[in-house]
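For reference, the chains in residue letters:
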Amino acid sequence: MAVVAAVVVVAGGLGVAFARRDGSSSWTASATAACDARARTVEVASAQLTLQSTPEQYQVFYETFFVPAYRTQLDAMRAADPPDESARRLIDDTAAVVDRIAADPRSFATAADPFVDVDARWDAAGLPACGTRPAAEASR
């Protein structure tokens, strides 16, 4: 019989509950690894962009590196069997942001961060590597 406990993490005024079961720490480790891999890919690829980069250059970046890296991350997270509906919904909501970027990549060259809401939810769920990355970046 699987042990199930509700864990509520509150950060920045947001509350997120993931139902935990045996193996959820395995999913968390898999999710973190997928987010770390995506972040490394995006970081290396984005090093070529500058304040003088054109919308066309950003479009190529988003189409060639950013969107595929996020899709790979989200596919890996789904394949790792998210622990509950809240986690699946957060993955789907992140995918919706990626879909908006894929639909009009040029507009995101100067747009505000479209991940602000989902990043806060990842942080609140205890997965900052998939959100704002402050702890993950500081550990480098």
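Definitions and limits used
- Residues numbered from 1 in each chain as written.
- Predicted model: local features only at pLDDT ≥ 70, side-chain atom pairs only at ≥ 80, totals over all residues.
- Heavy atoms only, no water.
- Helix = DSSP H or I, 4+ residues; strand = E, 2+ residues; numbered from the N terminus.
- Buried < 20%, exposed > 50% of the residue type's maximum accessible area, 1.4 Å probe, protein only.
- Areas by Shrake-Rupley, 256 points an atom, 1.4 Å probe, with all protein chains shown as cover.
- Core = buried A, V, L, I, M, F, W, Y, C linked by side-chain atoms within 4.5 Å.
- Contact = heavy atoms within 4.5 Å.
- 1 Å grid on protein atoms, 1.4 Å probe; cavity = no way out; pocket = protein on both sides within 12 Å on 5 of 7 lines; lining within 4 Å.
- Points joined across faces, edges and corners; volume = space filled by probe spheres on them.
- Expected span 1.5 Å × (residues − 1).
- Arc of directions from axis to C-beta.
- Polar contact = N/O pair within 3.5 Å; in protein donor to acceptor, adjacent residues only side chain to side chain.

Engineer: For this particular structure, what's the right way to read the overall build of the protein?
Structural biologist: Along its length, the protein carries 5 helices and 2 strands. Shown N-terminal to C-terminal, the secondary structure of the protein runs as helices and strands in the order β-β-α-α-α-α-α. In the protein, which comprises 140 residues, the proportion classed as buried is 36%. For the protein, the exposed surface amounts to about 7600 Å²; the carbon and sulfur share of it is 57%.

Engineer: Sorry, what's going on with the nonpolar core here?
Structural biologist: The tendency in soluble globular proteins is for nonpolar side chains to be buried side by side. One finds Trp27, Phe66, Met77, Ile101, Phe115 and Trp122 to be the most contacted residues of the largest nonpolar core, which totals 30 residues. Among the secondary structure elements, those contributing two or more residues to this core are helix H1 (24–46), helix H2 (55–79), helix H3 (85–103) and helix H4 (116–124). Counting residues per element, this core draws most heavily on H2, at 9 residues. Other than its neighbours up to four places away in sequence, methionine 77 contacts Trp27, Ala31, Ala34, Cys35, Pro82, Ile91, Trp122 and Cys130.

Engineer: What is the right way to read the layout of surface pockets from this model?
Structural biologist: Empty pockets left among the atoms are what a rolling probe the size of a water molecule brings to light. The volume enclosed by the largest pocket comes to roughly 380 Å³. Taken together, 22 residues line the largest pocket, and the ones lying closest to its centre are Arg38, Val42, Phe66, Tyr70 and Phe115. Contributing elements (two or more residues each) for the lining of the largest pocket: H1 and H2. The element best represented in the lining of the largest pocket is H1, accounting for 5 residues.

Engineer: Whenever I open this one, H3 confuses me. Can you help?
Structural biologist: The α-helix advances 3.6 residues per turn, and as a result positions three or four apart in sequence lie on the same side. Relative to the 27 Å expected for 19 residues at 1.5 Å per residue, H3 spans 26 Å between its end C-alpha atoms, a close match to the ideal helical length. Burial in H3 covers these residues: Ala87, Leu90, Ile91, Thr94, Ala95, Val97, Val98 and Ile101. Relative to the axis of H3, the buried residues are bounded by an arc of 155° and lie together on one face. Where H3 begins, the side chain of aspartate 84 points an oxygen toward the backbone nitrogen of serine 86, at a separation of 3.1 Å.

Engineer: Could you clarify how one ought to interpret unusual backbone geometry in this entry?
Structural biologist: Most of the time, phi is negative for any residue but glycine, and the peptide bond is trans. Residue aspartate 81 is not a glycine yet carries a positive backbone phi of 65°. Exposure remark for aspartate 81: the relative accessible area of 45% places this residue in the partly exposed category.

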